[in-house]
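# Inside the fold
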Amino acid sequence: MVRRRKNLLLAGCMTGLLMALSSSTALAADNSSEEEVRYHQLADGETLGTVAMQYQVGIDELLTWNDLESVHVPPETTLVVKSSEEVKGSSEPLPVIHVIRRGDTFEGIARRYGVSIRQVQRWNRRLNPRRLQLGAQVRLHIPGADGKSVSYGAANGGRLYNGVAMQTTPGMRVRNVARSYGTQRVVRLLQAAGADVQARWPDAPDLVVGSLSVRNGGRLRPHRSHQSGRDVDLTYYHRGNVELPDFRDMSVETFDAVKNWHLYKTLIDSGQVEFMFIDYQLQRALYDYAISIGYTPEDLEPILQYPRGANVRAGIIRHSRGHLNHVHIRFTCGPEDRGCH
Ligand SMILES: [Zn+2]
């Protein structure tokens, strides 16, 4: 315990020095530096991904704060896990943008989004409410004025407020950022889980991220769900670490049960997964693998629908047609979400 504290202090001094060198504003901070920076020493079995999950920060933030280029770090590394240093293009919530159409007023916009006129004015000081131009953009932080991202309503009829654009990070390759908005919680969790797999298996390919939601949520064709920032489509890990350019049908032979199981188990263990749609025959590969590493059929009952039949409504992982080439993950409603169901 004593030794550990000493290491932390040393790391703290070093980082403090680096911060002071790289940024003159760090010097201005008086006694608050202790609150601004926090450290964590990697223990056995921990990776950058598990640490990101534990501290609820972004993988992009951990990489920047620790000046890392990859998720491969030596054991027992002491990491900065909290810092006031801003990270460019990080998983920070964005305001909702309302584009002015004919007849729009601040009053009408405020009513529509459930905020006060005063708030609309405060967020848009450069706009004159009496002379709103068609096409002008109104910024709104809603429904929470604190700017946190919020999944609102149902996944097949809801909205996304202050969503986060998921960017490509180690382990997760985003195909189309315009269709990759989720709540901050969901985006960080996905990125952390993907980075965790790459930290454990350095040759693991990136997964291709299909749709999450569009910026403000709502309808995203051809999906019925994907409307409130809590759904994502991902490719499967292919055996032999084959990097897939896009969604591709899998079979029991090509499906990498080891990495896929690890990814799903990590996400499920976070307690934030409502369900996953995975083709029934691929579930068999997951089941057989889990049994081979020591899980009992009873352990697997709450997790996998297999072997009870593709129509049985049981288990977090369930069959649904069309999921031979990707997994669809629905995340639970989070503490920040509103009217979520
Ligand atoms: Zn989907």
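Now for a description of the structure that goes with this document. (Residues numbered from 1 in each chain as written. Predicted model: local features only at pLDDT ≥ 70, side-chain atom pairs only at ≥ 80, totals over all residues. Heavy atoms only, no water.)

### Describing the coordination of the zinc ion
Octahedral metals with six donors have ideal donor angles of 90 or 180 degrees. Tetrahedral metals with four donors have an ideal donor angle of 109.5 degrees. Surrounding the zinc ion are the protein donor atoms His-226 (NE2), Asp-233 (OD), Asp-233 (OD) and His-328 (ND1), which sit 2.1 to 2.8 Å from the metal. Taken together, the four donor atoms surrounding the zinc ion define angles of 51 to 148 degrees at the centre, an arrangement classified as irregular. With relative accessibility at 3%, the residue Asp-233 sits in the buried group. By relative accessible area, His-328 is classed as buried at 6%. (Donors = N, O, S within 2.8 Å, 3.2 Å for Na, K, Ca; no water. Tetrahedral: all angles 85-135°; square planar, octahedral: opposite > 155°, others 65-115°. Buried < 20%, exposed > 50% of the residue type's maximum accessible area, 1.4 Å probe, protein only.)

### A short note on the pattern of salt bridges
Using the criterion set out here, one finds 10 salt bridges in the structure. Notably, a salt bridge pairs Arg-200 with Asp-196, separated by 3.0 Å at the nearest N-O pair. Of this pair, Arg-200 and Asp-196 are both found in helix 8 (residues 184-200), four residues apart, which corresponds to roughly one turn of the helix. Using a relative accessible area of 32% as the deciding quantity, one classes Arg-200 as partly exposed. A salt bridge links Lys-265 to Asp-269; the shortest N-O distance between them is 3.0 Å. Pair noted here: Lys-265 and Asp-269 are both in helix 9 (residues 257-269), with a separation of four residues, about one helical turn. (Salt bridge = Lys/Arg side-chain N within 4 Å of Asp/Glu carboxyl O. Helix = DSSP H or I, 4+ residues; strand = E, 2+ residues; numbered from the N terminus.)

### Focus on the packing of aromatic side chains
On inspection of all chains with the given rule, the structure shows six aromatic pairs. Measuring from centroid to centroid gives 5.6 Å for Tyr-152 and Tyr-161, while their planes differ by 70 degrees, and the two rings are edge-to-face. What makes Tyr-152 partly exposed here is its relative accessible area of 39%. Taken together, a centroid distance of 4.6 Å and an interplanar angle of 35 degrees make the contact between Phe-275 and Phe-277 tilted. With a relative accessible area of 23%, Phe-277 lands in the partly exposed category. Taken together, the ring pairs in this structure connect Tyr-280, Tyr-287 and Tyr-306 into an aromatic cluster. Here the guanidinium or amino end of Arg-175 rests over the ring plane of Phe-247, the centre of that ring lying 4.9 Å away. (Phe/Tyr/Trp six-rings, centres within 6.5 Å; stacked < 30°, edge-to-face > 60°. Lys NZ or Arg CZ within 6 Å of the ring centre and 35° of its normal.)

### Things to note about helix 10 (residues 280-292)
For helix 10, spanning 13 residues, the distance from its first C-alpha to its last is 19 Å, which sits close to the expected 18 Å at 1.5 Å a residue. Tyr-280, Leu-282, Gln-283, Ala-285, Leu-286, Tyr-287 and Ala-290 are the residues of helix 10 that are buried. The inward-facing, buried residues of helix 10 contact helix 9, helix 11 (297-300) and strand 13 (317-318). Of the residues flanking the start of helix 10, the one acting as N-cap is Asp-279, its side-chain oxygen 3.0 Å from the backbone nitrogen of Gln-281. Gly-294 occupies a position one or two residues after helix 10 and carries a positive phi of about 110 degrees. (Expected span 1.5 Å × (residues − 1). Contact = heavy atoms within 4.5 Å. Polar contact = N/O pair within 3.5 Å; in protein donor to acceptor, adjacent residues only side chain to side chain.)

### Here's the deal with the environment of His-226
As for its position among the elements, His-226 is in the loop between strand 10 (207-209) and strand 11 (231-234). A relative accessible area of 1% places His-226 in the buried class. For the pair His-226 and Gly-158, spaced 68 residues apart in sequence, the C-alpha to C-alpha distance is 8.8 Å. When residues no more than four places from it in sequence are discounted, the contact partners of His-226 are Ala-155, Ser-211, Leu-212, Ser-213, Gly-218, Leu-220, Asp-231, Val-232, Asp-233 and His-328.

### Quick look at the pairing of strand 4 (residues 137-140)
Here strand 4 shows one buried face, formed by Val-138 and Leu-140, and one open face, formed by Gln-137 and Arg-139. Bridging between strand 3 (residues 96-99) and strand 4 involves four bridges; their strand directions are antiparallel. Counterpart to His-98 in the pairing with strand 4 is Val-138. (Pairing = 2+ DSSP bridges.)

### Examining the side chain of Gln-198
With respect to the helices and strands, Gln-198 occurs in helix 8. Judged by relative accessible area, which is 11%, Gln-198 ranks as buried. Within the local environment of Gln-198, its side chain forms a polar contact with the backbone nitrogen of Gly-171, the two atoms lying 3.2 Å apart.

### Quick word on the state of the cysteines
One pass over the full model with this rule turns up one disulfide. Covalently, Cys-333 is tied to Cys-340 through a disulfide, its sulfur atoms 2.0 Å apart. Because the sign of the S-S torsion sets the handedness, a value of about -80 degrees for the bond joining Cys-333 and Cys-340 places this disulfide among the left-handed ones. Under the relative-accessibility criterion, Cys-333 is labelled partly exposed at 31%. A residue is classified by how much of its surface remains accessible, and Cys-340, at 18% relative accessible area, is buried. (Disulfide = S-S within 2.5 Å.)

### Topic: unusual backbone geometry
Note that the residue after Arg-221, namely Pro-222, is joined by a cis bond; omega there is 5 degrees. Examined against the element boundaries, Pro-222 turns out to sit in the loop between strand 10 and strand 11. Residue Pro-307 is reached from Tyr-306 by a cis peptide bond, and omega for that bond is 5 degrees. Take Pro-307: it is sitting in the loop between helix 11 and strand 13. One non-glycine residue, Gln-56, lies in positive phi territory at about 50 degrees. Its place among the elements puts Gln-56 in the loop between helix 4 (48-55) and helix 5 (59-65). Judged by its relative accessible area of 61%, Gln-56 falls in the exposed class. The backbone of Asn-241 sits at a positive phi, close to 55 degrees, despite the residue not being glycine. Note on placement: Asn-241 falls in the loop between strand 11 and helix 9. Owing to a relative accessible area of 28%, Asn-241 belongs among the partly exposed residues under this scheme.

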